[in-house]
Amino acid sequence: MLESAFGTSHDARRHSNLSNLEKNCNQIFFKAPAITREFFEKINNDVVPQKTVFFGYQMNTRRFIVLTGLILLFTISTMGTITMWFTDAFRKRIESMFVINEDSFGYQMWRVPPVKPQVKIHIFNYTNVEEFELGTAKKLHVQQTGPYVYHEDLERVNVRFSKVDGTVSYQEKRNYRFSPELSTGSPEDSVIIPNVPLLAGAAMVKRYNFLVRVGYQGLLNALSERAFTTQKALNFVTGYDDHLYDLSKSYLKYEDKPVFDNFGLLVWKQGTQPDVYTVNTGAHDITKLGQIEKFNGASHYDLWGSDSCNSIQTSDGILYPFNRVKSKKEVSFFIPQLCRKVPAYFVGENRMLDKVPVYRYKIPTDVFDCAENEDNKCYCDKTTKACPPRGLFNATSCSFGTPLFYSLPHFFGADRAVFEGITGLNERPTIDDTFMDLHPKFGLMLRGKLKLQLNIRVEKSYGLSELTKYPDGLVLPLAWVEYNIEDRDLPEDLVQLIYHLSFTLWNLELGLKYGCLLATMVTFTCVLLVLKKHRRERCRGDC
């Protein structure tokens, strides 16, 4: 009974305590708003004065606080309106985000571009070499094979920044992956092509005396070299072993010329290349963003006939000057294989990804016309002033003496004699689809296609019997290459970035412009209403 009594007493006290605690909490909960209100009323009555003098007038303090806040908001919104409507501060802030540095949001995308361009290679296969050398065929005949499609992976390596000059130096590392599903034909296809090392050597020994040429002929005989060679398409593109080229490596090293393991169309671009690019980061001048300042330490060449043609200070092919693109002016980009910049002109507006606006630029069809195009005459021979035939660009001085000539595919627009020197070429190749689409505000190349044909010229000299059957000056097409970036090649993260650049930033700019303007008008109106009400009350009090 005692335990029962004590137990009952203990439970009663516990329930009594809980009830009191609940009552106290409920009282605090219900009385808190009233206490808070009384506290602020006391502060308002005892601390904050009822009247405030404002420019010689007494005003209710609450109204003064409201008026002060409105004036502050009006000042801020007015400054925003002036900034957004009458200055370039917003645009410059956005453009500054494109400056190339290790902390920029697009640095990794610049260093390892996510876009993998398609490289389509069309090889000219010579089908009647034996007949031509025997004299039963009057002209060499070619048959176009391919395209053999590769995807190009690019990485900028050995990156070094110079904050003083506002530049960044780097080398390019490329890798090419064959795409069988997009290719026509097999990389194992056998093709008969000009023996480029032999033709290059013939052009070089032409400058020397007869004994040197006879010695070169003896070397060709010992190696059983012919004017044409049979190779697999894959080897011609990515590289094949050539005995003559192997023997010439020592001479090339002596002349301080680049030497590669083997010989092929893309050999000079595969792997880490020795060429060093120095590009403007835009840190000092955003309009120069992406402009090549130096190539292998030099700001210009000494190959051509004018300073403008020797200059290499132009776009890197990806980023173009904002101001020139916005005003639809001419732009240009650098092609190191040609040792020159190539112009492109605005031709109209277009759209990509269904709705993204772009400015379309095209390379003029007479870009390689040095004879008749006044802008290109500086690319004629600097010493003799001799110009190559129309439609051909002589890159011999840029290719260490190898008589390489560039043109549009199938000699489009070239001198008729050049076209008729070879049979089997297309009379009307598709050229109009060569273009590049640039972002209208930021000058970023988003989509494009470039077609370029590589040729080699026969340069005969007395003492070389391997070229006896071939006309001196005959231009032999090797292959034409198409660099292609299409909408479907763009990764999803880059597509989202393009949409943000095209629409999100534009909407943000509009929102800030009209938002600041609306805020300025509303706050100004509110200020006038408060002052009007105060004046009416003051007048009523005086009356």
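Worth saying up front: this structure is predicted, and the values here are computed from it rather than measured.

Thresholds, definitions, all that
- Residues take numbers from 1 onward in each chain, read along the sequence in its written order.
- For a predicted model such as this one, the threshold for reporting local features is a pLDDT of at least 70, and the threshold for listing and counting side-chain atom pairs is 80 or more; totals across whole chains, interfaces and linings nevertheless cover every residue.
- Each side-chain value is derived from all of the structure's non-hydrogen atoms; neither hydrogens nor water enter the calculation.
- Think of it this way: any DSSP run of H or I at least four residues long counts as a helix, any run of E at least two long counts as a strand, and we number them from the N terminus.
- Burial classes follow relative accessibility: with a 1.4 Å probe on protein chains only, a residue under 20% of its type's maximum area counts as buried, one over 50% as exposed, and anything between as partly exposed.
- Pairs of residues are marked as contacts when any of their non-hydrogen atoms sit within 4.5 Å.
- By definition, pLDDT measures how confident the predictor is in each residue, and it falls between 0 and 100.
- Between the rings of Phe, Tyr and Trp (Trp by its six-membered ring), a pair exists once the centres lie within 6.5 Å; its type follows the angle of the planes, with under 30 degrees stacked, over 60 edge-to-face, and the other angles tilted.
- By disulfide we mean two sulfur atoms from cysteines, separated by a distance within 2.5 Å.
- Expected span of a helix: the number of residues minus one, times 1.5 Å.
- Arc definition: it is the arc formed by the directions from the helix axis to the C-beta atoms.
- Any pair of nitrogen or oxygen atoms within 3.5 Å is treated as a polar contact; in protein, a donor-acceptor pairing is required on top of that, and neighbouring residues in sequence qualify only through side-chain atoms on both sides.
- By definition, a salt bridge exists where a carboxyl oxygen of Asp or Glu is found within 4 Å of a side-chain nitrogen of Lys or Arg.
- To get an axis, fit a line to the C-alpha atoms, keeping to the stretch in contact for a helix; angles then go from 0 to 180 degrees between the N-to-C directions.
- Orientation is classified from the angle alone, with under 35 degrees giving roughly parallel, over 145 giving roughly antiparallel, 65 to 115 giving roughly perpendicular, and any other angle giving oblique.
- The hand of a helix crossing depends on one turn: near helix anticlockwise from the far one by less than a right angle means left-handed, and clockwise means right-handed.
- Classes in brief: Ala, Val, Leu, Ile, Met, Phe, Trp, Tyr, Cys and Pro nonpolar; Asp, Glu, Lys and Arg charged; the others, Gly included, polar.
- Like charges are joined within 9 Å and nonpolar side chains (Val, Leu, Ile, Met, Phe, Trp, Tyr) within 5 Å, but only among residues with over 30% relative accessible area and no salt bridge; these make up the patches.
- All accessibility values rest on the Shrake-Rupley procedure with a 1.4 Å probe; residue burial counts only the protein chains present in the view.
- We define a nonpolar core as any set of buried Ala, Val, Leu, Ile, Met, Phe, Trp, Tyr and Cys residues linked to one another through side-chain atoms lying within 4.5 Å.

### Quick notes on the overall build of the protein chain
Okay, so step 1: Summing up its helical and strand segments, the protein chain has 13 helices and 19 strands in all.
Okay, so step 2: Considering the protein chain as a whole, with its 543 residues, one finds that 45% of them fall into the buried category.
Okay, so step 3: In the protein chain, 65% of the contacts between residues at least 6 apart in sequence involve partners at least 24 apart.

### Here we look at the confidence of the model for the protein chain
Okay, so step 1: Mean pLDDT for the protein chain: 83, with 87% of residues reaching 70 or above.
Okay, so step 2: Note that pLDDT drops below 50 for residues 1-18; the model gives that stretch 0 contacts with residues more than four away or on any other chain.

### A word on the packing of aromatic side chains
Okay, so step 1: Under the counting rule described, the total for this entry stands at 25 aromatic pairs.
Okay, so step 2: Ring plane angle 65° and centroid distance 5.3 Å describe the contact between tyrosine 150 and phenylalanine 178, whose orientation is recorded as edge-to-face. Highlighted residues: tyrosine 150 in strand S4 (residues 140-162) and phenylalanine 178 in strand S5 (residues 167-178), separated in sequence by 28 residues.
Okay, so step 3: Among the residues examined, tyrosine 150 registers a relative accessible area of 2% and is labelled buried.
Okay, so step 4: Exposure remark for phenylalanine 178: the relative accessible area of 28% places this residue in the partly exposed category.

### Looking at the state of the cysteines
Here, the word disulfide means a covalent bond between the sulfur atoms of two cysteines.
Okay, so step 1: Within the structure shown, the criterion is met by 3 disulfides.
Okay, so step 2: Paired by a disulfide, cysteine 309 and cysteine 378 hold their sulfur atoms 1.6 Å apart. Of this pair, cysteine 309 sits in helix H10 (residues 307-310) while cysteine 378 sits in the loop between strand S13 (356-362) and strand S14 (393-394), and the two are 69 residues apart along the sequence. With respect to class, cysteine 309 is no different from cysteine 378; both count as buried.
Okay, so step 3: Free of any disulfide, cysteine 370 has its nearest neighbouring cysteine sulfur in cysteine 380, separated by 5.0 Å.

### Digging into helix H7 (residues 210-223)
Okay, so step 1: Helix length check: H7 (14 residues) gives 20 Å between terminal C-alpha atoms against 20 Å at 1.5 Å per residue, within 8%.
Okay, so step 2: Taken together, the buried positions of H7 are occupied by Arg213, Tyr216, Gln217 and Leu220. Mapping the buried residues of H7 onto a view down its axis gives an arc of 100°, with all of them on the same face. Of the exposed residues in H7, the ones pointing more than 90 degrees away from its buried face are Leu211 and Ala222.
Okay, so step 3: One side-chain oxygen of the residue at the start of H7 lies 3.2 Å from the amide nitrogen of leucine 211, identifying that residue as asparagine 209.
Okay, so step 4: Within two residues after H7, serine 224 carries a phi angle of roughly 55°, on the positive side.

### Comments concerning the pattern of salt bridges
Okay, so step 1: Evaluation of the coordinates by the stated rule reveals 21 salt bridges.
Okay, so step 2: Residues glutamate 152 and lysine 269 are paired through a salt bridge, measuring 3.7 Å at the closest nitrogen-oxygen approach. Taken together, the residues glutamate 152 in strand S4 and lysine 269 in the loop between helix H9 (243-254) and strand S8 (271-272) connect sequence positions 117 residues apart.
Okay, so step 3: Judged by its relative accessible area of 6%, glutamate 152 falls in the buried class.
Okay, so step 4: Residues arginine 177 and aspartate 153 are paired through a salt bridge, measuring 2.7 Å at the closest nitrogen-oxygen approach. Within this pair, whereas arginine 177 is found in strand S5, its partner aspartate 153 is found in strand S4, the two being separated by 24 residues in sequence.
Okay, so step 5: Accessibility expressed as a relative area gives 18% for aspartate 153, which makes it buried.
Okay, so step 6: Members of the salt-bridge network, linked through shared partners, are Glu152, Glu172, Arg174 and Lys269.

### A word on helix H3 (residues 89-96)
Okay, so step 1: Along H3, the positions that sit buried rather than exposed are Phe90, Ile94 and Glu95. The arc enclosing the buried residues of H3, seen along the axis, measures out at 130°, which places them on a common side. Residues of H3 that are exposed and point more than 90 degrees away from the buried face comprise Lys92 and Arg93.

### What to know about the environment of glycine 166
Okay, so step 1: With respect to the helices, strands and loops of the structure, glycine 166 is situated in the loop between S4 and S5.
Okay, so step 2: A sequence separation of 66 residues divides glycine 166 from isoleucine 100, and the C-alpha atoms of the two residues are 9.3 Å apart.
Okay, so step 3: Setting aside residues no more than four positions away along its own chain, glycine 166 makes contact with Val279, Asn280, Thr281, Gly282 and His284.

### A word on the packing of helix H6 (residues 196-205) against H7
Okay, so step 1: In the contact formed by H6 and H7, the axes pass within 10 Å of each other and the chain directions differ by 165°. In terms of orientation, H6 and H7 fall into the roughly antiparallel class. When you trace H6 past H7, the crossing you get is right-handed. Facing Pro197, Leu198, Gly201, Ala202 and Val205 of H6, the residues of H7 in contact are Val212, Arg213, Tyr216 and Leu220.
Okay, so step 2: Considered class by class, the residues forming the contact of H6 with H7 number 7 nonpolar, 1 polar and 1 charged.

### Details of unusual backbone geometry
Okay, so step 1: Proline 147 follows glycine 146 through a cis peptide bond whose omega is 15°.
Okay, so step 2: Here proline 147 is to be found in strand S4.
Okay, so step 3: Non-glycine residue serine 224 carries a positive phi angle of around 55°.
Okay, so step 4: Here leucine 353, not a glycine, exhibits a phi torsion of approximately 50°, which is positive.
Okay, so step 5: Looking at where leucine 353 falls in the secondary structure, it is placed in the loop between strand S12 (340-352) and S13.

### Focus on a nonpolar patch on the surface
Okay, so step 1: Where nonpolar side chains cluster on the molecular surface, the patch consists of Ile82, Trp85, Phe86 and Tyr514 and spans about 470 Å² of accessible area.
Okay, so step 2: Structurally, tyrosine 514 can be placed in helix H13 (residues 492-542).

### Overview of the side chain of lysine 451
Okay, so step 1: Along the chain, the position of lysine 451 falls in strand S18 (residues 445-457).
Okay, so step 2: Setting aside its immediate chain neighbours within four residues, lysine 451 contacts Leu408, Pro409, Thr430, Asp433, Thr434, Trp480, Val481 and Glu482.

### Focus: the environment of leucine 265
Okay, so step 1: Within the fold, leucine 265 resides in the loop between H9 and S8.
Okay, so step 2: Taking the C-alpha atoms as reference points, leucine 265 and leucine 454, 189 residues apart in sequence, are found 9.3 Å from one another.
Okay, so step 3: Among all residues touching leucine 265, those that are not within four sequence positions of it are Ile121, Phe236, Val237, Leu454 and Ala479.

### Overview of the nonpolar core
Okay, so step 1: Core analysis: the biggest nonpolar cluster contains 121 residues, and Ile121, Ile123, Leu140 and Leu476 have the highest contact counts within it.
Okay, so step 2: Considering every element that reaches this core, the biggest residue donor is strand S19 (residues 475-485), with 7 residues.
Okay, so step 3: Setting aside residues no more than four positions away along its own chain, leucine 140 makes contact with Tyr126, Asn128, Val129, Phe132, Phe228, Ile422, Thr423, Tyr470, Leu474 and Leu476.

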